[in-house]
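# Report on the structure
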Amino acid sequence: MSDEQVKMINLTIDGVRVSVPEGTTIMQAAETIGIYIPRLCYHPNLSLMGSCRVCIVDVKEMGYYMTSCSVHVWEGMEVETNSPEIRLARRDIVELLLDNHSMDCQTCERDSNCELQNLAYSMGVRERLFEGKRKCFEIEDHGSAVVRNSNKCILCGRCYRVCSEVQGVHNLGQQGRGFNTIVSPAHVADMDESVCIQCGQCVNVCPVAAFLEKGETEQVFAALGDPGKHVVIQTAPSIRAAIGEGFGMPPGTPAEGKMITALRRLGFDKVFDTDLGADMTIVEESAELLRRLDGKGPLPMFTSCSPGWISFLEKFYPALIPNASTCRSPMSMLSALTKTYYAQKAGIDPRNIFMVAAMPCTAKKYERRRTEHVMDGSPLTDAVVTTRELIWMIKSYGIDFANLPDGKFDAPLGISTGAGDIFGITGGVMEATLRTACERLTNAPCDKLDYTEVRGVQGAREATVKIGEHRLNIGVANGLVNAKILLDKVLSGEKQFHIIEIMACPGGCSGGGGQPYPPRGWRILDPRLLELRGNALYSIDKAKTLRRSHENPAVKTIYAEFLGDINGPMAHKLLHTSYTAKEPRGIK
């Protein structure tokens, strides 16, 4: 049906006549005239559930309240959204949720950024009315990346819907009945013992604090206070595109320079750039791709930067593990170079270097603990803090972030190209790879820098890129439901790809499980928000003189002084790894 043929429905909301397309919900119709109906379980990017009942409205002649998130409008419908009876009913619902909720708002991680807390305030809930038995579950905080606290869960279902519908992992679900209902992995297994890939999207969409990232700020503060430790921090590309949101800056504001200055004022001895690790990744990965194109390895080659994606591959598609690039992630590459190359140049015992990584991703906490990323008995990365944790650390020091002067990354691991910056948005790894692979495939300079066909934050994308006489079939996916589309085509033989980039989180690292909770007026998973963060990275890339990873002078120096040949023995020892099939282990 064309736009001209869309049937319009006429109704009245709070005395105002409204005309909306057929299929519109009451909630959506109300928003067209500036009426915001409260909600908790509803999320526009997830399936409808209607379980919290907070969004109820009064529809004339129905005789009962209806959930505005799930009921479609009909011709002549008359709706009241704010009658005294409706307001009282909603307040009763919120009071009941609060009365079976933890009473620790002042010390809760989500204090002042909790949807239930904000809702209670707006509804005028000023006391807890009911005594008696409350939920009392053990907090699961011994995992590597995600903390699960069922005492704060309001059973909205957002977490298991995002886990199933966006990530395709299906790790979470409701267990038990009645008062004992909880959300957990099957058979109440621990998160680390389940099929959880540690992506943290459950943390992102949870409206309260039932899911949180595993905090590591205290370990970092302890290291900063230890005079015997040389404390180094590296920052992922997408951090600089999102950290400003935590300090009132508009989404999409690049804040690299202020971030560097803030890190120095926190007391870090060196501030390095994960983008250099991204440039190293491209140099190694593009060489690996060329070998595979020559028949020296299976095709398609999968990128290996996203630890959530790698965990997904090991658990759900183990037959395709040989297709994954053996390159470590940029974080682990830079950590390895810090504790070897940098330690040697600076004359510091690697055992005295405490390596911190500021990442947009909760799965990086899991990655740093993997045995593959341990060298000489010590982890390459000693602590990982998310963007959210880093924002809190800066605020806790009273640093006026928005008014800081711009700083610059430290040598020798602080020089990067624009190709490293775009790692922080879906399609960026592919684009950076093509910029370098182009010259290596043609043995000549390539004018093309912008591969716009791989850009965009939604869905799985396929394209054929012509480089000289070569035609490369490429795929890009963000969000693992989209990844399944490409992976199933590979397994079935439906499509012959040469290289596929997969990022576990929607929008890639820009929508990572450790990124800031969105400012008021925005929402998690909003493609507009992810695009703004991505555009910030593209603007940084475009402003740089060097935009191809292999042009990075620091990369050239590291190979000349320390690593030797690209893909050579030393490079393989420090910059490459391996993966194995994983199965869930324990069940309580």
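Residues numbered from 1 in each chain as written. Predicted model: local features only at pLDDT ≥ 70, side-chain atom pairs only at ≥ 80, totals over all residues. Heavy atoms only, no water.

## Structural notes on the overall build of the protein
We count it as follows: Runs of H or I in DSSP of at least four residues are treated as helices and runs of E of at least two as strands, each being numbered from the N terminus. Here the radius of gyration uses the C-alpha set of atoms, whereas the globule reference equals 2.2 Å times the residue count to the power 0.38. Three labels apply to residues, based on accessible area from a 1.4 Å probe with only protein chains included: buried if under 20% of the type maximum, exposed if over 50%, partly exposed otherwise in between. We call two residues in contact whenever any of their non-hydrogen atoms come within 4.5 Å of each other. Note on areas: Shrake-Rupley, 1.4 Å probe, and residue coverage restricted to the protein chains presented here. Neither His nor the chain ends contribute to the count of charged residues, in which Lys and Arg are positive and Asp and Glu negative. Charged groups are reduced to one reference atom each: NZ for lysine, CZ for arginine, CG for aspartic acid, CD for glutamic acid.
Within the protein one finds 18 helices and 19 strands. For a compact globule of 588 residues, the expected C-alpha radius of gyration is about 25 Å, and the protein comes in at 25 Å, within 12% of that figure. For the protein, the spread of C-alpha atoms along the three principal axes comes to 80 × 60 × 50 Å. The 588 residues of the protein split such that 60% are buried. Residue pairs in contact within the protein that sit at least 24 positions apart in sequence constitute 74% of those at least 6 positions apart. For the protein, the accessible area works out to roughly 23,600 Å², and carbon and sulfur atoms hold 51% of it. Of note, the protein has its 65 positive side-chain charges centred 1 Å away from the centre of its 69 negative side-chain charges.

## Re the sheet that holds strand 17 (residues 460-467)
As a reminder of what qualifies: Strand pairing requires that DSSP identify at least two bridges connecting the strands.
Strands sit in the order 12-19-18-17 across an open sheet of four strands; the sheet is mixed. Of all strands in the sheet, those bounded by a partner on one side alone are strand 12 (301-302) and strand 17. Relative to strand 19 (residues 499-503), strand 12 runs parallel, the two sharing two bridges. Bridging across to strand 19, M301 finds its partner in I499.

## A word on the packing of aromatic side chains
Under the convention used in this document: Under the pairing criterion, centres of Phe, Tyr and Trp rings, with the six-membered ring standing for Trp, must be within 6.5 Å; the plane angle then separates stacked pairs below 30 degrees from edge-to-face pairs above 60, leaving the rest tilted. Geometrically, a charge over a ring is one whose NZ (Lys) or CZ (Arg) sits within 6 Å of the ring centre while staying within 35 degrees of the ring normal.
Counted according to the given criterion, the structure contains eight aromatic pairs. Residues F221 and Y397 carry aromatic rings whose centres are separated by 5.7 Å and whose planes lie at 10° to one another, so their mutual orientation is stacked. Placement of the pair is F221 in helix 6 (residues 217-224) and Y397 in the loop between helix 12 (387-396) and helix 13 (418-421), with a sequence separation of 176 residues. Judged by its relative accessible area of 18%, F221 falls in the buried class. For Y397, a relative accessible area of 41% gives the class partly exposed. One aromatic cluster is present, formed by F221, W392 and Y397 through successive ring pairs. The cationic tip of R110 hangs over the ring face of Y517; the distance from NZ or CZ to the ring centre is 3.8 Å. Residue placement shows R388 over the ring face of Y517; its charged tip is 4.5 Å from the ring centre.

## Observations regarding the sheet that holds strand 16 (residues 383-386)
Let me state the cut-off plainly: A fitted line through C-alpha atoms serves as each axis, taken over the contacting stretch for helices, and the angle formed by two N-to-C directions is quoted from 0 to 180°.
Taken together, the four strands give an open sheet; going across it, the order is 11-10-13-16, and neighbouring strands pair in parallel fashion. Lying at the two open borders of the sheet, with one neighbouring strand each, are strand 11 (270-273) and strand 16. Each strand axis lies, on average, 25° off the axis of its neighbour in the sheet, ignoring direction. Both strand 13 (residues 353-359) and strand 16 contribute to a ladder of four bridges, which runs parallel. Each bridged residue has a counterpart across the sheet, and for M359 the counterpart in strand 16 is T386.

## Some details on the pattern of salt bridges
The following threshold applies: For this analysis, a salt bridge means a side-chain nitrogen from Lys or Arg found within 4 Å of a carboxyl oxygen belonging to Asp or Glu.
Applying the stated rule across the entire model yields 39 salt bridges. Across the salt bridge formed by E95 and R91, the nearest N and O atoms sit 3.8 Å from each other. You can see E95 and its partner R91 sitting in helix 2 (residues 84-99), four residues apart, about one turn around the helix. Accessibility expressed as a relative area gives 10% for E95, which makes it buried. R91 sits in the partly exposed class, given a relative accessible area of 30%.

## Details of a nonpolar patch on the surface
To keep things clear, this is the line we draw: Every patch collects residues that have over 30% relative accessible area and no salt bridge, joining them within 9 Å if they carry like charges and within 5 Å if they are nonpolar side chains (Val, Leu, Ile, Met, Phe, Trp, Tyr).
A cluster of nonpolar side chains, L96, L129 and F130, forms an exposed patch at the surface whose accessible area comes to about 290 Å². Position of F130 relative to the elements: it lies in the loop between helix 3 (115-122) and strand 6 (146-148). Classification of F130 as partly exposed rests on a relative accessible area of 43%.

## Regarding the environment of T32
The condition is simple: Polar contacts, as used here, are pairs of N or O atoms within 3.5 Å; protein pairs need one atom able to donate a hydrogen and one able to accept it. Residues neighboring in sequence count only if both atoms are side-chain atoms.
Among the secondary structure elements, T32 is positioned in the loop between helix 1 (26-31) and strand 3 (56-59). Considering only alpha carbons, one finds T32 and T371, 339 residues apart in sequence, at a separation of 53 Å. With near-sequence residues (within four places) excluded, T32 lies in contact with V18 and V20. Of note is the side chain of T32, whose polar atom sits 2.5 Å from the backbone oxygen of A29.

## Some details on the pairing of strand 2 (residues 16-21)
In summary, the side chains of a regular strand alternate between the two faces of the sheet. Bridging between strand 1 (residues 8-13) and strand 2 involves six bridges; their strand directions are antiparallel. Counterpart to I13 in the pairing with strand 2 is V16. What sits between the antiparallel neighbours strand 1 and strand 2 is a turn of two residues, in which D14 has the positive phi angle 50°.

## Overview of the state of the cysteines
In plain terms, the rule: To count as a disulfide, a pair of cysteine sulfur atoms needs to be within 2.5 Å.
Taken as a whole and assessed by the stated rule, the structure comprises one disulfide. The disulfide partner of C438 is C446, and the S-S distance across this bridge is 1.9 Å. On the sign convention where negative is left-handed, the bridge of C438 and C446, at about -95° about the S-S bond, is left-handed. The same class applies to C438 as to C446, namely buried. Sulfur of C105: no disulfide; nearest cysteine sulfur belongs to C114 and is 6.5 Å away. Cysteine C509 remains unbridged, with the sulfur of C361 as its closest cysteine sulfur at 6.7 Å.

## Concerning the side chain of K135
Structurally, K135 can be placed in the loop between helix 3 and strand 6. Although K135 is buried, it forms no salt bridge, and the closest oppositely charged side chain is D104 at an N-O distance of 11 Å. Separated by 2.3 Å, the side chain of K135 and the backbone oxygen of C153 make a polar contact. Dropping the residues within four chain positions of it, K135 is found in contact with N100, S150, N151, K152, C153 and F179.

## A look at helix 7 (residues 256-266)
Of all 11 residues in helix 7, eight are buried; the element is thus mostly enclosed. Considered for burial, the residues of helix 7 that qualify are G257, K258, M259, I260, T261, A262, L263 and L266. Considering only its buried residues, helix 7 is in contact with helix 6, strand 10 (230-235), strand 11 and helix 12. Phi turns positive, to about 110°, at G267, one or two residues after helix 7.

## Here's the deal with the environment of L48
When you line up the elements, L48 lands in the loop between helix 1 and strand 3. For L48, a relative accessible area of 45% translates into the label partly exposed. Taking the C-alpha atoms as reference points, L48 and G512, separated by 464 residues in sequence, lie 23 Å from one another. In this structure, L48 is in contact with Y42, C69, S70 and R161, ignoring residues within four places of it in sequence.

These results come straight from atomic positions and should not be treated as a statement about function.
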